[in-house]
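Chain by chain, the residues run as shown.
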Amino acid sequence: MIKVTSVLHDSIGEGIGLVPGTELISVGGRELEDFLDWEFLTADEEFTLVYRQPGDSSEYEVEVERPVEEQIGVAVEPPRIRRCANRCDFCFVEGNPDGLRDVLSIRDDDYRLSFRYGNFATLTNLKQHDTDRIIEYRLSPLYVSVHATDPVVRRWVLRNPQAAEILPQLRHFADHGIQFHTQIVMAPGINDGEVLRQTLRDLYDFGPDVLSVSVVPVGLTEFSKHHLIREPDDVECKRAVAAVEEAAARALAERGEPWAYGADELYLRAKVELPPAELYGSFDQVENGVGSVRWLQEQVREGAEELRGWTGRRIAVVTGTSMGPLMPMVLGPLSEATGATFELLQVENDLFGPRVTTAGLLPGHAMRDALQGLQGFDLALLPGECVNDDGLFIDSLSVAALSADVPMPVRVSKTFVDALMEPLAA
Ligand code: SF4
């Protein structure tokens, strides 16, 4: 059973009488477990729905006719998060300080969120039922954390002796039409060097169903298990960049696309210049920090003509310390396009510790403190990736609360262009 959370006005759902709180029990005689069942089982033009209304224990059955071009207009509750079966030494949740939002203390590893939102999953907690659903609903592409194709190394990385071998698992899905974006979180002395090269070779030889692979350097917090794992140094990152670029050159020559990508962070730590935009393919892993800078430059180039009314404005741009050195590559063209002055504010993470440098994990209070003392700014832009759907930062401070405490208007931005389309009021 799943609950309805909202119903669109004038929709099929409203016509049936569904309301927030309605319990959707079955479609076509099949019980509903989560949003996947709802979306896939209601894809037919006709189906039988059984449901219960709030405060009424009776079950109602209705024949629904849904013309192909019409949506049902019903949103359902998010699924209960699937717990992870692993214990990676670099696990972000293990490295969390106390007092964060509850959802951040749960180790989730969920193929459904992998399909829907591009969250990476290891597939180590799949039951037969889950495997069957992935195949039946053709959940493709999936985003898979491979880390290493050698089963012994992978089990070590995941700290899970039960983890199934990844290549046969992927093969089973690929035989049923599923494709994958994959990632390797690279930890020195564990899955770098020859292990990394072998993993890249295995994934390439797997064939075109592995759509892409990214290599991301492991990132730790002050609270991580530093006696068990460490971050790679510049030399180790440089070697990983070389392995990625070798794989990318081969893929480009043989398949016409780069296929293998290093995270921006990998290049930054290696002190190697980022590849040009065309070597990031269609930016499939940009949400994973892969090609973010080149992608932002593209966004600015494409949106530049529409940005009006910013000449002479002074704008503070908040970011984490990792993107700091790369950000001028984006802000320079943005300044040319708008006539505004952009001043970078690199904020240190005082919640997870200074070694956590990504903007996505910046606590709201640290940004507020950094902005509070600034004078003469017309606007402050905050990184969009550090705010959840409810407008909360990782420390549960809201964007509205932060805005009320700082001396300039604040906008949250993912591409800069998105936040600058509307000029400030005169
Ligand atoms: S797969 Fe590893 S890093 Fe991800 S949630 Fe599980 S233990 Fe943590």
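What counts and how
- Residues numbered from 1 in each chain as written.
- Predicted model: local features only at pLDDT ≥ 70, side-chain atom pairs only at ≥ 80, totals over all residues.
- Heavy atoms only, no water.
- Helix = DSSP H or I, 4+ residues; strand = E, 2+ residues; numbered from the N terminus.
- Expected span 1.5 Å × (residues − 1).
- Buried < 20%, exposed > 50% of the residue type's maximum accessible area, 1.4 Å probe, protein only.
- Contact = heavy atoms within 4.5 Å.
- Core = buried A, V, L, I, M, F, W, Y, C linked by side-chain atoms within 4.5 Å.
- Pairing = 2+ DSSP bridges.
- Axes fitted to C-alpha atoms, helices over the stretch in contact; angles between N-to-C directions.
- Near = heavy atom within 4 Å.
- Nonpolar A, V, L, I, M, F, W, Y, C, P; charged D, E, K, R; others polar.
- Salt bridge = Lys/Arg side-chain N within 4 Å of Asp/Glu carboxyl O.
- Phe/Tyr/Trp six-rings, centres within 6.5 Å; stacked < 30°, edge-to-face > 60°.
- Parallel < 35°, antiparallel > 145°, perpendicular 65-115°, else oblique.

**With respect to helix H10 (residues 292-303)**
Helix length check: H10, at 12 residues, gives a terminal C-alpha distance of 16 Å against a target of 16 Å (1.5 Å per residue), a fit within 8%. Three or more residues of H10 are buried, namely Ser292, Val293, Arg294, Leu296, Gln297, Glu298, Val300 and Gly303. Residues of H10 that are buried sit in contact with helix H9 (264-270), helix H11 (328-338) and helix H14 (417-420).

**Description of the nonpolar core**
If you look at the biggest cluster of nonpolar residues, it comprises 90 residues, and the most contacted ones within it are Leu24, Trp38 and Phe180. The element contributing the most residues to this core is helix H8 (residues 234-255), with eight residues. For tryptophan 38, the contacting residues outside a window of four places in its chain are Ile2, Leu24, Val27, Leu32, Leu49, Ile72, Val74 and Val76. The next biggest cluster of nonpolar side chains, apart from the first, holds 21 residues, and it includes Ala316, Met367, Ala380 and Leu402.

**Overview of the sheet that holds strand E7 (residues 142-145)**
Pairing between sheet strands relies on hydrogen bonds along the backbone, with the strands arranged either parallel or antiparallel. Ordered by their spatial adjacency, four strands build an open sheet running E7-E8-E9-E10, and the pairing between neighbours is parallel. Across the chains shown, the open sheet's two edge strands, defined by having one partner strand only, are E7 and strand E10 (260-262). Neighbour-to-neighbour, the strand axes of the sheet open up by a mean angle of 20°, direction not taken into account. Direction of pairing for E7 relative to strand E8 (residues 180-186): parallel, over a ladder of four bridges. Within the sheet, the bridge partner assigned to tyrosine 143 lies in E8 and is histidine 181. Each of E8 and strand E9 (210-217) touches helix H7 (residues 193-205); the most contacted strand, E9, lies at about 165° to it.

**Here we look at the side chain of glutamine 169**
Within the secondary structure layout, glutamine 169 lies in helix H6 (residues 166-174). Apart from residues no more than four positions distant in its own chain, glutamine 169 is found in contact with Thr122, Leu123, Leu126 and Ala164.

**With respect to the site of the ligand**
Looking at the ligand, the residues that line it are Cys84, Asn86, Arg87, Cys88, Phe90, Cys91, Arg107, Asp108 and Thr122. Across the shell around the ligand, the residue classes break down as four nonpolar, two polar and three charged.

**Description of the pattern of salt bridges**
Taken as a whole, this structure holds 24 salt bridges when the rule is applied. Residue arginine 313 pairs with aspartate 378 through a salt bridge whose shortest N-O separation is 3.5 Å. You can see arginine 313 sitting in the loop between H10 and strand E11 (314-320) and its partner aspartate 378 sitting in the loop between helix H12 (364-372) and strand E13 (379-383), a full 65 residues away along the chain. Using a relative accessible area of 22% as the deciding quantity, one classes arginine 313 as partly exposed. Residue aspartate 378 is classed as partly exposed on the basis of its relative accessible area, which comes to 22%.

**Considering the sheet that holds strand E14 (residues 410-413)**
Spatial ordering of the open sheet is given by E12-E11-E13-E14, a layout of four strands whose pairing is parallel. A strand with exactly one partner marks an edge of an open sheet, and here the two such strands are strand E12 (341-347) and E14. Within the sheet, the average angular offset between the axes of one strand and its neighbour, ignoring direction, is 25°. Here E11 pairs with E13 via three bridges, running parallel. For isoleucine 315, the partnering residue across the bridge sits in E13 and is leucine 379. Along the sheet, H11 makes contact with E11 and E12, crossing E12 at roughly 155°. Packed on one face of the sheet, H12 meets E11, E12 and E13 and runs near 130° to E12.

**As for the packing of aromatic side chains**
Under the counting rule described, the total for this entry stands at eight aromatic pairs. Centroid distance phenylalanine 120 to tyrosine 143: 5.6 Å. Interplanar angle 90°. Geometry classified as edge-to-face. Here phenylalanine 120 is found in the loop between helix H3 (111-117) and helix H4 (128-136), whereas its partner tyrosine 143 is found in strand E7, with 23 residues between them in sequence. On the basis of an interplanar angle of 80° and a centroid distance of 6.3 Å, the ring pair of phenylalanine 180 and phenylalanine 206 is categorised as edge-to-face.

**Some points on the packing of H10 against H11**
At a minimum axis separation of 9 Å, H10 and H11 run at an interaxial angle of 5°. For the element pair H10 / H11, the angle class is roughly parallel. Of H11, the residues touching H10 (which contributes Val293, Arg294, Leu296, Gln297 and Val300) are Met329, Val330, Pro333 and Leu334. Considering only residue class, the contact of H10 with H11 consists of seven nonpolar, one polar and one charged.

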